[in-house]
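Fold and contact review
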Amino acid sequence: QVQLVESGGGLVQPGGSLRLSCAASGFTFSGYAMRWYRQAPGKERGLVATISSTGSSSDYVDSVKGRFTITRDNVKNTGYLQMNSLKPEDTAVYYCNARLLGLGYEKTYWGQGTQVTVSS
């Protein structure tokens, strides 16, 4: 059984921090790039950050650059999203995604999401 399980969400004040975790099992985690997406009520799901399979490269949407850091530990089969200086507009359900691209195919797995609420 393939699983991605997010954890670490919760309620924080503006300016606070959270670290989200994504525990992977049932597939070759180290061979997949990882992404974090988020979706606020009434809005489309959008990409937040991405990291290569080895962790050697990463990228972020402009709105979180300098505040969020994506990392991974392939020994523990776990990905992370460190979120600092949180803003109310960061409030959303955050989803972990694992992705493999090849010639003529794509394999993608999703977690169930974890709620992040930023409010005073």
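As shown above, the structure is provided for reference.
For the structure given in this document, a descriptive report is provided here. (Residues numbered from 1 in each chain as written. Predicted model: local features only at pLDDT ≥ 70, side-chain atom pairs only at ≥ 80, totals over all residues. Heavy atoms only, no water.)

Looking now at the packing of aromatic side chains. A complete count under the given rule lists five aromatic pairs for this structure. Measuring from centroid to centroid gives 6.4 Å for Phe-27 and Phe-29, while their planes differ by 70°, and the two rings are edge-to-face. Judged by its relative accessible area of 15%, Phe-27 is buried. Centre to centre, the rings of Tyr-37 and Trp-110 are 4.9 Å apart; their planes meet at 55°, and the pair counts as tilted. Remark: Trp-110 occurs in strand β10 (residues 105-110) and Tyr-37 occurs in strand β4 (residues 33-39); sequence separation between them is 73 residues. (Phe/Tyr/Trp six-rings, centres within 6.5 Å; stacked < 30°, edge-to-face > 60°. Buried < 20%, exposed > 50% of the residue type's maximum accessible area, 1.4 Å probe, protein only. Helix = DSSP H or I, 4+ residues; strand = E, 2+ residues; numbered from the N terminus.)

Our focus in this paragraph is the state of the cysteines. Per the counting criterion, the structure on display carries one disulfide. Two residues share a disulfide in this structure: Cys-22 and Cys-96, whose sulfurs sit 2.0 Å from each other. Disulfide Cys-22-Cys-96: the torsion about the S-S bond is -80°, which places it as left-handed. One end of the pair, Cys-22, is in strand β3 (residues 18-25); the other, Cys-96, is in strand β9 (residues 92-102), with 74 residues separating them in the sequence. Under the relative-accessibility criterion, Cys-22 is labelled buried at 0%. With a relative accessible area of 0%, Cys-96 lands in the buried category. (Disulfide = S-S within 2.5 Å.)

For the rest of this paragraph, the subject is the environment of Ser-17. Position of Ser-17 among the secondary structure elements: in the loop between β2 (10-12) and β3. The spatial distance from the C-alpha of Ser-17 to the C-alpha of Val-118 is 9.6 Å, given a sequence separation of 101 residues. With sequence-adjacent residues up to four places away left out, Ser-17 is seen in contact with Val-12, Gln-82, Met-83, Asn-84, Ser-85 and Leu-86. Here the side chain of Ser-17 touches Asn-84 through a polar contact of 2.9 Å, side chain to side chain. (Contact = heavy atoms within 4.5 Å. Polar contact = N/O pair within 3.5 Å; in protein donor to acceptor, adjacent residues only side chain to side chain.)

With that settled, consider the pairing of β4. Judged by how many residues are buried, β4 sits mostly within the fold: five of seven residues are covered. The pairing of β4 with β9 spans seven bridges and is antiparallel. Paired with Ala-33 across the bridge in β9 is Arg-99. Relative to strand β5 (residues 46-51), β4 runs antiparallel, the two sharing five bridges. (Pairing = 2+ DSSP bridges.)

With that settled, consider the pattern of salt bridges. Per the stated rule, a full pass over the model turns up four salt bridges. The closest approach of N and O atoms between Asp-90 and Arg-38, which form a salt bridge, is 2.9 Å. Within this pair, whereas Asp-90 is found in the loop between β8 (78-83) and β9, its partner Arg-38 is found in strand β4, the two being separated by 52 residues in sequence. Accessibility assignment for this pair places Asp-90 and Arg-38 in one class, buried. A salt bridge links Arg-67 to Asp-90; the nearest nitrogen and oxygen atoms lie 2.8 Å apart. Of this pair, Arg-67 sits in the loop between β6 (58-60) and β7 (68-73) while Asp-90 is found in the loop between β8 and β9, placing the two residues 23 residues apart along the sequence. Shared partners join several salt bridges into a network, and the residues in it are Arg-38, Arg-67 and Asp-90. (Salt bridge = Lys/Arg side-chain N within 4 Å of Asp/Glu carboxyl O.)

Structural measurements only, silent on function.
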